[in-house]
Amino acid sequence: MGGADQPDRAAWLQGPAAHCNPQPGKTENPWRLILLGPPGVGKGTQAEMLHLRLHACHLSTGDVFRAAGARKECDLSPAMKAALEYMRRGDLVPDSIVWEMVLERSGCLRCGGGFLLDGFPRTIHQAESLKRLMENQNIPLHAVVNYELPQGDIVQRLSGRRTCKECKAVYHVTERPPKIADACDRCGGALFQREDDRPESVKVRLEAYEEKTAPLTEFYRGMRVLLPVSATGTPEEICERTVAALEARKAKTPATGVPHS
Ligand code: AMP
């Protein structure tokens, strides 16, 4: 994490060679959370808002792939080039590529500031690998927030989503419009529609979610860490609901936090 309000996600986005500066004083009782839910439910927006409330870093695997996609073709490894092809189609990137990418950045999971995992894990295989890694390194998992939303609302949210090219802030053409059309409120960067938010990719992403990611709710329910949260209403309402659910959970669990298994 970096400056007062802005996360420093260089280490996560660029890999182990980049340097991260955890914010002093923000490392007491860090939150270590997974955000789960279908694409378009608002996990990225919630991760940004929760970062400001809980100070844990927002770690998105999709952001790493998009950051790689913005680099020159010749700078990409063959595995990363293949990953970007899957992503463009709306398909899940193979587990082996995702896991290698996460392993390279596992320092972010050990960071004293905690983390908010957004978009990972997405398959049972990824969830099992993460569970093993966290157990081996004694990293507790406090909760898996499962955002729930009816399918019709999901499609509407995905098709209206716009992202800032520069700082990756997320907007929605009707629900969360920028103050000036097509420009980011935060940094003035141009807003664009993600390639995989177009209708043909959205269909593939929703099918991939149902088949591969939805079963994770049972996996985490079995571990007694699943925290269902309704994703209806404004981003601010959803964030309040999430923080309240997390606080209620914390009040019921020992001060040392909830173990991963
Ligand atoms: P997201 O921004 O989380 O919606 O991710 C965008 C795209 O990146 C997904 O549709 C996948 O193609 C790829 N991706 C991101 N995270 C993962 C993951 N954990 N497993 C497989 N593919 C992923």
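It should be noted that the structure appears before, not after, this text.
Quick caveat, the model's predicted, so the values are computed rather than measured.

### Focus: the sheet that holds strand β8 (residues 226-230)
So, step 1. The strand order across the open sheet formed by five strands is β2-β3-β1-β4-β8, and the pairing between neighbours is parallel. Only two strands of the sheet have a single partner each, and these edge strands are β2 (57-60) and β8. Across this sheet, the average inter-strand angle for adjacent strands is 25 degrees, counted without regard to direction.
So, step 2. Pairing of strand β1 (residues 32-36) with strand β3 (residues 115-118) involves four bridges; the strand directions are parallel. Bridge pairing links isoleucine 34 to leucine 117 in β3.
So, step 3. Relative to β3, helix α2 (residues 43-54) is tilted by about 180 degrees, and along the sheet it contacts β1, β2, β3 and β4 (143-148).
So, step 4. Strand contacts of helix α3 (residues 61-69): β2 and β3, with the helix running at about 65 degrees to β2, the strand carrying the most contacts.

### So, the nonpolar core
So, step 1. In this structure, Phe65, Leu109 and Tyr220 are the most contacted members of the largest nonpolar core, which totals 38 residues.
So, step 2. Among the elements that take part in this core, helix α5 (residues 95-104) stands out by supplying five residues, more than any other.
So, step 3. Contacts of phenylalanine 65, omitting those with residues within four sequence positions, involve Met80, Ala83, Leu84, Met87, Val93, Val98 and Met101.
So, step 4. Core analysis: the next-biggest nonpolar cluster, separate from the first, contains 26 residues, Trp31, Val41, Leu54 and Leu206 among them.

### Structural notes on unusual backbone geometry
The phi torsion of most residues other than glycine is negative, and most of the peptide bonds are trans.
So, step 1. Of note, the bond from phenylalanine 120 into proline 121 is cis; its omega dihedral lies within 30 degrees of zero at 0 degrees.
So, step 2. Positionally, proline 121 belongs in the loop between β3 and α7 (124-136).
So, step 3. Even without a glycine there, the phi angle at asparagine 138 is positive, about 55 degrees.
So, step 4. Take asparagine 138: it is sitting in the loop between α7 and β4.
So, step 5. Backbone geometry at aspartate 182 places phi at a positive 65 degrees, although glycine is not the residue there.

### Some points on the pattern of salt bridges
So, step 1. Taken as a whole and judged by the stated rule, the model has 15 salt bridges.
So, step 2. A salt bridge links arginine 186 to glutamate 48; its shortest N-O distance comes to 3.3 Å. Within this pair, whereas arginine 186 is found in the loop between β6 (170-172) and β7 (191-192), its partner glutamate 48 is found in helix α2, the two being separated by 138 residues in sequence.
So, step 3. Aspartate 196 serves as the salt-bridge partner of arginine 205, at 3.8 Å between the closest nitrogen and oxygen.

### Quick notes on α3
So, step 1. Where burial is concerned, most of α3 is hidden: seven out of the nine residues are buried.
So, step 2. Every buried residue of α3 is accounted for by Thr61, Gly62, Asp63, Val64, Phe65, Arg66 and Ala68.
So, step 3. The N-capping residue of α3, defined by a side-chain oxygen 3.4 Å from the backbone nitrogen of glycine 62, is serine 60.

### Overview of the site of the ligand
So, step 1. Around the ligand, the surrounding shell holds 16 residues, and the nearest of these are Thr61, Arg66, Asp91, Gly119 and Gln126.
So, step 2. Valine 93 is positioned such that a nitrogen or oxygen atom in its backbone is 3.0 Å from a nitrogen atom of the ligand.
So, step 3. The contact in question runs from a nitrogen atom of the ligand to an N or O atom on the backbone of glycine 119, over 2.9 Å.
So, step 4. Along the lines of polarity and charge, the residues of the shell around the ligand split into six nonpolar, four polar and six charged.

### Comments concerning the packing of aromatic side chains
So, step 1. Here the structure, examined in full by the defined rule, presents two aromatic pairs.
So, step 2. Judged by centre distance (6.2 Å) and plane angle (20 degrees), the ring pair of tryptophan 99 and phenylalanine 120 falls under stacked. Of this pair, tryptophan 99 sits in helix α5 while phenylalanine 120 sits in the loop between β3 and α7, and the two are 21 residues apart along the sequence.
So, step 3. Under the relative-accessibility criterion, tryptophan 99 is labelled buried at 19%.

What counts, and at which threshold
Residues numbered from 1 in each chain as written. Predicted model: local features only at pLDDT ≥ 70, side-chain atom pairs only at ≥ 80, totals over all residues. Heavy atoms only, no water. Pairing = 2+ DSSP bridges. Helix = DSSP H or I, 4+ residues; strand = E, 2+ residues; numbered from the N terminus. Axes fitted to C-alpha atoms, helices over the stretch in contact; angles between N-to-C directions. Contact = heavy atoms within 4.5 Å. Core = buried A, V, L, I, M, F, W, Y, C linked by side-chain atoms within 4.5 Å. Buried < 20%, exposed > 50% of the residue type's maximum accessible area, 1.4 Å probe, protein only. Salt bridge = Lys/Arg side-chain N within 4 Å of Asp/Glu carboxyl O. Polar contact = N/O pair within 3.5 Å; in protein donor to acceptor, adjacent residues only side chain to side chain. Near = heavy atom within 4 Å. Nonpolar A, V, L, I, M, F, W, Y, C, P; charged D, E, K, R; others polar. Phe/Tyr/Trp six-rings, centres within 6.5 Å; stacked < 30°, edge-to-face > 60°.

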